[in-house]
Amino acid sequence: MARTTEKYCFTCDSYEEHRKLDEEEQAKLRRRLGRSSVNEFLVCVAPDCFNLRTGWNKRPFPEPIRLSELNEPE
Ligand SMILES: [Zn+2]
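What you are looking at is a predicted structure, and each value in this text was computed from that prediction instead of being measured.

Thresholds, definitions, all that
- Residues numbered from 1 in each chain as written.
- Predicted model: local features only at pLDDT ≥ 70, side-chain atom pairs only at ≥ 80, totals over all residues.
- Helix = DSSP H or I, 4+ residues; strand = E, 2+ residues; numbered from the N terminus.
- Rg over C-alpha atoms; globule rule 2.2 N^0.38 Å.
- Core = buried A, V, L, I, M, F, W, Y, C linked by C-beta atoms within 7 Å.
- Buried ≥ 20, exposed ≤ 12 C-beta atoms within 10 Å, placed from the backbone.
- Contact = placed C-beta atoms within 7 Å.
- Pairing = 2+ DSSP bridges.
- Axes fitted to C-alpha atoms, helices over the stretch in contact; angles between N-to-C directions.

Asker: Tell me about the overall build of the chain, residues and numbers included.
Answerer: Per the secondary structure count, the chain includes one helix and four strands. Going from N to C terminus, the chain has its helices and strands arranged as β-β-α-β-β. For 74 residues, the compact-globule formula gives about 11 Å, and the C-alpha radius of gyration of the chain, at 11 Å, lands near that figure.

Asker: How would you summarise the nonpolar core if you had to cite specific residues and measurements?
Answerer: Counting residues in hydrophobic clusters, the biggest one holds ten residues: Cys9, Leu21, Phe41, Leu42, Val43, Cys44, Leu52, Ile65, Leu67 and Leu70. If you tally residues by element for this core, the top one is strand S3 (residues 41-44), at four residues. Leave out the neighbours within four places in its chain, and Leu21 touches Gln26, Leu29, Val38, Phe41 and Val43.

Asker: A description of unusual backbone geometry should follow, citing residues and the corresponding values.
Answerer: Trans peptide bonds make up most of the peptide bonds, and negative phi angles are found at most residues other than glycine. Unlike most non-glycine residues, Asp48 shows phi in positive territory, near 65°. For Asp48, the position within the fold is in the loop between S3 and strand S4 (52-54). Owing to 7 C-beta atoms within 10 Å, Asp48 belongs among the exposed residues under this scheme. Residue Phe50 is not a glycine yet carries a positive backbone phi of 60°. Considering the arrangement of structural elements, one finds Phe50 in the loop between S3 and S4. Owing to 18 C-beta atoms within 10 Å, Phe50 belongs among the partly exposed residues under this scheme.

Asker: I'd like a rundown of the pairing of strand S1 (residues 4-9), residues and numbers included.
Answerer: Two strands pair when backbone bridges link them, and S1 and strand S2 (residues 14-20) are joined in this way by six bridges, in the antiparallel orientation. Of the residues in S2, the one forming a bridge with Glu6 is Glu17. Linking S1 back to S2 in an antiparallel pair, the connection comprises four residues, with Asp13 at a positive phi of about 60°.

Asker: Hey, could you go over the pairing of S3 for me, with residue numbers and the actual values?
Answerer: Residue alternation in S3 divides its side chains into two sets, Phe41 and Val43 and Leu42 and Cys44, and both sets are buried. Pairing of S3 with S4, which is carried by three bridges, proceeds in the antiparallel orientation. Note on S4: the bridge partner recorded for Leu42 is Arg53.

Asker: Pulling in residues and values, what's your account of the sheet that holds S1?
Answerer: Spatially, four strands are ordered S1-S2-S3-S4 in an open sheet, and the strand pairing comes out antiparallel. Both outer strands of the open sheet, S1 and S4, are each paired with one neighbouring strand and no more. The average angle at which neighbouring strand axes cross in this sheet is 45°, direction not considered.

Following this line, the structure appears as structure tokens:
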């Protein structure tokens, strides 16, 4: 099981456990954002949330991006 850290989740509006993205998830997010590195991103592990944030920014996007949405091809 991936190690988690408790951080504020903007979507849950509460402190929730977050984990780092695995290789496959990072690849999807790189494609979604058009960035070469997404190492700083964490995902909320609360049930059905999957909201993305970075280690220092609780709201890195104008509209929340959920990890679960990245499964859909653009
Ligand atoms: Zn959340």
